[in-house]
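A look at the structure
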Amino acid sequence: MESNEFQAPLISKVFHNDVHNRPSSSTSNSNFRNDQEETSVSDSSESNSPIEQVALTVPIDDDPTLPVLTFRMWVLGTLACVLLSFLNQFFWYRKEPLSITSISAQIAVVPLGHLMASIITDRVFFKGNKWEFTLNPGPFNVKEHVLITIFANSGAGNVYAVHIITAVKIFYKKNLTFFVSLIIVVTTQVLGFGWAGIFRRYLVEPAAMWWPQNLVQVSLFRSLHEKEKRGRWSNSGERKGLTRNQFFLIALVCSFAYYVFPGYLFPMLTSLSWICWIFPNSILAQQIGSGLHGLGVGAIGLDWSSISSYLGSPLASPWFATANIAVGFVLVMYVITPITYWLNIYQAKTFPIFSDGLFTSTGQKYNISAIVDSNFRLDVDAYERIGPLRISTFFAMAYGICFACLTSTIMHVLLFHGSEIWGLTKGAMQEKNVDIHTRLMRRYKQVPEWWFGCILLVNIIATIVACQYYNDQLQFPWWAVLLACALAFFFTLPIGVIRATTNQSPALNVITEYIIGYIYPERPVANMCFKVYGFISMKQGLAFLEDFKLGHYMKIPPRTMFMAQVVGTLVSAVVHLGTAWWVMETIPDICDRALLPAGSPWTCPSDHVFYDASVIWGLVGPRRIFGDLGSYSAINWFFLAGAVAPLLVWLAHKAFPSQQWIRLITMPVLLGGMVNMPPATAVNYTSWIIVAFLSGYVAYRYHRNWWKRHNYVLSGALDAGLAFMGVLLHAFLGLNRISLHWWGSGSDGCSLASCPTAPGVFIDHCPIL
């Protein structure tokens with residue numbers, strides 16, 4: 001490997017051309033950049049990031065004099081956080097969950113910020129003493145805009161703990177008070193600050209930890225704040241087209257106008273499964289061609305919400321990560337699933353080829369309420385009388401992939417990143433491979449470690465007290481809280497490394513369910529709580545680290561970032577829970593697919609998967625499913641397969657060091673990309689892979705200048721346009737129950753794809769074979 005490459009896997013070569021021809025930030029401050037303690041930006045590329053995408057996107061200067069904690073920042077940040085929290089929780093229960101990202105708020109607050117700067121008084125209050133302040137310190141600037149977006153990020157994410165409330169109240173129809181729900185939501189959301197504080201030196205400061213998703217927002221900030229003139233030719237002789245602002249506005253309008261088709265007029269654009277149309281009476285053809293209920297061969301989605309809903313924006317995915325996900329998808333959907341189904345492994349033909357449902361051994365829907373006793377535990381006698389719980393073979397294999405992903409993540413990070421992590425631990429690499437952004441950020445006061453430690457300790461104590469006092473509702477003992485925190489601590493670093501370099505996050509939820517299901521079985525609420533505290537506290541920690549990296553790129557003072565994150569997280573938790581509680585109380589039969597009217601959007605796909613998991617791992621328990629008392633014990637071999645796979649890649653790399661493509665085989669991404677299925681379907685993946693290939697390979701390789709200027713801007717525009725139109729459609733049409741009913745209003749026209757093919761199995765709307 002050449003000396004100008006960063007010595008870590010999955011990292012692109014330093015891009016030497018055109019790095020220093022980029023326009024610098026309009027907020028630069030020459031005195032600061034020329035300070036003696038800083039390395040000034042020179043002609044040497046070593047002063048920039050060794051990651052090509054970062055070097056092309058992120059400004060390399062800073063103005064520390066810009067005001068950040070302004071009155072308009074607090075107003076607009078809080079407003080953005082509240083609105084996004086409400087809207088995302090409101091739309092979360094829908095069949096196609098509409099995720100309104102912080103990019104929408106990032107765009108919407110710009111005119112509001114400039115308006116407030118122009119009309120609010122610039123009077124200085126308490127002038128001449130230490131309490132001096134002003135409501136309007138000057139023009140609306142990029143740093144307060146970044147902090148507003150950090151607030152919005154808090155509201156844009158899904159509050160996973162709400163799944164517990166939905167499962168208990170809606171699916172199990174048991175009692176869970178609002179106060180207990182609030183404790184669960186707040187503590188799980190804030191607990192992640194502890195892990196973020198512990199691992200920020202490993203996952204924020206090193207240049208190799210570049211967090212690709214942040215580049216979308218950085219690119220958009222530059223488009224909204226930098227002055228860019230449109231000209232025919234650039235200074236370097238390159239032909240120029242639209243400015244970033246012009247391109248963004250055009251893409252935004254097009255995305256906004258287009259979403260009226262998949263969002264209202266022609267919903268079938270979500271999955272165009274043309275094979276089903278050719279063979280309307282063939283179960284086999286529809287199993288192969290359905291993008292929503294089958295293998296999705298040939299299916300394509302022309303709906304950005306479907307494309308980006310589970311894997312994130314395909315425009316932000318590095319090509320090697322896209323290639324790994326594509327290989328994993330082909331392996332699972334087009335190799336493992338057909339083989340296991342048509343060989344009838346685990347009586348696969350008795351169940352749908354693609355399903356997250358819970359069945360009896362005869363293929364009928366399992367009556368879960370019949371096996372729950374009065375103490376909200378498993379009624380063993382009733383379970384033995386009804387028979388064992390069965391799942392589709394695809395669902396079983398999906399759990400196997402989760403097992404393999406877990407062990408492959410640990411092995412991959414140890415083999416490929418172990419020396420770097422050990423070097424950071426010893427402090428030997430503190431100054432090595434530190435880019436310009438880290439050097440600039442060291443001028444600001446850092447957040448003391450004890451701040452994070454206090455938050456961590458207070459949350460753990462509060463959780464233990466709540467679980468002991470409300471044990472009748474939560475079923476969650478104190479030792480389980482400590483065990484969940486230990487798991488989160490152990491996995492934050494390896495999964496954070498994968499997330500920071502590939503934009504994908506291997507899931508930890510299954511192993512948490514597995515562990516507590518064996519140790520403390522037949523208690524569904526305890527199982528759900530353990531999963532949320534063990535998995536979501538880690539996920540929240542990674543979200544905080546990703547925001548830290550965004551502030552790192554945009555040179556936001558760390559203590560200011562910390563303050564915004566804490567406030568935003570608390571506000572978001574309360575609004576998410578309040579919204580969910582209101583929706584569950586006001587929408588009749590929400591999540592009940594049997595009672596909802598035809599075409600109702602309130603089917604709660606993610607909550608169904610969460611509930612099914614609580615039955616499998618919590619109520620029935622892994623021993624009766626994947627253990628010695630169950631039918632799927634062979635699935636445990638996936639743990640070993642996942643551990644061996646990265647080792648084989650590592651050995652191949654050592655044996656053939658000149659073949660650099662071997663090093664790009666990333667088993668946690670290859671396997672982890674599939675952990676979203678279900679609820680994600682085949683069409684979500686096929687469409688995502690196509691778009692990611694066109695962006696990350698075709699545009700990046702053959703149209704580099706276009707990619708540099710417009711790729712991330714396009715991603716933000718598509719997100720924002722869809723979100724704005726989605727909200728309008730629901731506000732003016734959805735709430736008034738105004739809908740269209742025609743052929744294009746259906747799903748994908750593959751009604752037979754969910755039918756079993758075993759002889760003698762009777763299911764409504766399916767032919768008997």
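Residues numbered from 1 in each chain as written. Predicted model: local features only at pLDDT ≥ 70, side-chain atom pairs only at ≥ 80, totals over all residues. Heavy atoms only, no water.

Attention now moves to the overall build of the chain. Helix and strand counts for the chain stand at 30 helices and four strands. Partitioning the intrachain contacts of the chain with sequence separation of at least 6 by distance along the chain shows that 79% fall at a separation of at least 24. (Helix = DSSP H or I, 4+ residues; strand = E, 2+ residues; numbered from the N terminus. Contact = heavy atoms within 4.5 Å.)

Okay, the nonpolar core next. In this structure, Tyr93, Leu203, Ile368, Leu389, Tyr399, Phe476 and Ile616 are the most contacted members of the largest nonpolar core, which totals 219 residues. Broken down by element, the residue count for this core peaks at 17 residues, all from helix α22 (residues 524-554). The contacts of Ile368, once residues within four sequence positions are left out, are Tyr172, Leu358, Leu389, Tyr611, Val615 and Leu619. (Core = buried A, V, L, I, M, F, W, Y, C linked by side-chain atoms within 4.5 Å. Buried < 20%, exposed > 50% of the residue type's maximum accessible area, 1.4 Å probe, protein only.)

On to the state of the cysteines. Tallying each qualifying case throughout the model produces three disulfides. Residue Cys276 pairs covalently with Cys750 via a disulfide, S to S 1.9 Å. For the disulfide bridge between Cys276 and Cys750, the dihedral angle about the S-S bond is near 105°, and by the sign convention the bridge is right-handed. Taken together, the residues span a long stretch of sequence, with Cys276 in helix α11 (residues 274-278) and Cys750 in the segment after α30 (704-734) at a distance of 474 residues. With respect to burial, Cys276 and Cys750 carry one shared label: buried. In this model, Cys591 is linked to Cys604 through a disulfide, with the two sulfur atoms separated by 2.0 Å. (Disulfide = S-S within 2.5 Å.)

Right, let's talk about unusual backbone geometry for a bit. The step from Met677 to Pro678 runs through a cis peptide bond, and the omega angle for that step is -25°. On the secondary structure map, Pro678 appears in the loop between α28 (667-672) and α29 (682-702). Note the cis peptide between Pro678 and Pro679, where omega equals 10°. Locating Pro679 in the fold gives a position in the loop between α28 and α29.

A contiguous nonpolar surface patch, about 1,100 Å² in accessible area, is contributed by Tyr258, Phe261, Leu265, Trp274, Trp277, Ile278, Phe279, Leu302, Leu740, Trp742 and Trp743. Following the sequence through the fold, Ile278 ends up in helix α11. (Patch = residues over 30% accessible without salt bridge, like charges linked within 9 Å, V, L, I, M, F, W, Y side chains within 5 Å. Areas by Shrake-Rupley, 256 points an atom, 1.4 Å probe, with all protein chains shown as cover. Salt bridge = Lys/Arg side-chain N within 4 Å of Asp/Glu carboxyl O.)

Turning next to the pattern of salt bridges. Tallied over the entire structure, the rule returns 10 salt bridges. Between Lys169 and Glu585 there is a salt bridge whose closest N-O contact spans 3.6 Å. Here Glu585 lies in helix α23 (residues 558-586) and Lys169 lies in helix α6 (residues 162-171), a separation of 416 residues in the sequence. You can call Glu585 exposed: its relative accessible area is 52%. The closest approach of N and O atoms between Asp628 and Arg623, which form a salt bridge, is 2.8 Å. Owing to a relative accessible area of 42%, Arg623 belongs among the partly exposed residues under this scheme. Through salt bridges with shared partners, a single network forms among Arg377, Glu522 and Arg624.

In this section: α29. Between its first and last C-alpha, α29 extends 29 Å over 21 residues, near the 30 Å set by a 1.5 Å rise per residue. The sharpest bend along α29 reaches about 25° and sits at Leu694. (Expected span 1.5 Å × (residues − 1). Bend = angle between axes of the 7 residues up to and from the residue.)

Applying the stated rule across the entire model yields 56 aromatic pairs. For the ring pair Phe179 and Tyr470, a centre distance of 6.1 Å and an interplane angle of 65° mean the geometry is edge-to-face. One end of the pair, Phe179, is in helix α7 (residues 178-203); the other, Tyr470, is in the loop between α18 (449-469) and α19 (471-474), and 291 residues separate them in sequence. Ring centres 6.4 Å apart and planes at 65° place the aromatic pair Trp742 and Trp743 in the edge-to-face group. The ring of Trp581 has Lys169 sitting right over it, with the charged end atom 4.3 Å from the ring centre. (Phe/Tyr/Trp six-rings, centres within 6.5 Å; stacked < 30°, edge-to-face > 60°. Lys NZ or Arg CZ within 6 Å of the ring centre and 35° of its normal.)

A word on the packing of α22 against helix α24 (residues 605-620). Two packed helices can be described by the angle between their axes and the distance between those axes. One can describe the packing of α22 onto α24 by two numbers: an axis separation of 8 Å at closest approach and a directional angle of 110°. Overall, the two elements α22 and α24 adopt an arrangement that is roughly perpendicular. α24 is crossed by α22, and the crossing has right-handed handedness. In this structure, α22 uses Pro524, Asn527, Met528, Lys531 and Val532 to contact α24, whose residues at the interface are Phe610, Ala613, Ser614, Trp617, Gly618 and Leu619. Tallied by class, the residues present in the contact of α22 with α24 amount to seven nonpolar, three polar and one charged. (Axes fitted to C-alpha atoms, helices over the stretch in contact; angles between N-to-C directions. Parallel < 35°, antiparallel > 145°, perpendicular 65-115°, else oblique. Left-handed = near helix turned anticlockwise from the far one by under 90°. Nonpolar A, V, L, I, M, F, W, Y, C, P; charged D, E, K, R; others polar.)

You can see Ile616 is positioned in helix α24. What makes Ile616 buried here is its relative accessible area of 0%. With 225 residues separating them in the primary sequence, Ile616 and Ile391 have C-alpha atoms 9.3 Å apart. Residues in contact with Ile616, not counting those within four places in the same chain, are Leu358, Leu389, Ile391, Phe395, Tyr399, Gly621, Pro622, Ile625 and Phe626.

Counting through the fold element by element, Arg200 comes out in helix α7. At 2.4 Å, the side chain of Arg200 forms a polar contact with the backbone oxygen of Val447. Those residues in contact with Arg200 that sit more than four places away from it in its chain are Glu205, Gln446, Val447, Pro448, Glu449, Phe452 and Leu545. (Polar contact = N/O pair within 3.5 Å; in protein donor to acceptor, adjacent residues only side chain to side chain.)

On to the environment of Ala299. Locating Ala299 in the fold gives a position in the loop between α12 (283-289) and α13 (304-308). It is 10.0 Å that separates the C-alpha atoms of Ala299 and Tyr685, two residues lying 386 residues apart in sequence. With sequence-adjacent residues up to four places away left out, Ala299 is seen in contact with Ser271, Leu272, Ser273, Gly289, Gly291, Val683 and Thr686.

What follows concerns the confidence of the model for the chain. Scored by pLDDT, the chain has a mean of 81; 88% of the residues are at 70 or more. Contacts for the low-pLDDT stretch residues 1-46, under 50 throughout, to residues beyond four places or in other chains number 106 contacts. (pLDDT = per-residue confidence, 0-100.)

Look at α30: 42 Å from first C-alpha to last across 31 residues, which is about the 45 Å you get at 1.5 Å a residue. Approximately 45° is the largest bend angle found in α30, and it occurs at His710. For α30, the tally of buried residues reaches 22 of 31 residues, placing the bulk of the element in the interior.

A separate point is the packing of helix α20 (residues 478-502) against α22. With their axes 8 Å apart at the nearest point, α20 and α22 run at an angle of 40° to one another. Crossing angle aside, the handedness with which α20 passes α22 is right-handed. Side by side, α20 and α22 meet where Ala480, Leu483, Ala484, Leu487, Ala488, Phe491, Thr492, Ile495, Gly496 and Arg499 of the first sit next to Phe530, Tyr533, Gly534, Ser537, Met538, Leu542 and Glu546 of the second.

This part takes up the environment of Asn344. Looking at the secondary structure, you find Asn344 in the loop between α14 (319-342) and β3 (358-359). Look at Asn344 and you get partly exposed, because its relative accessible area is 33%. For Asn344 and Ala758, which are 414 residues apart along the polypeptide, the C-alpha to C-alpha distance reads 8.9 Å. A distance of 3.1 Å separates the side chain of Asn344 from the backbone nitrogen of Ala348, its partner in a polar contact.

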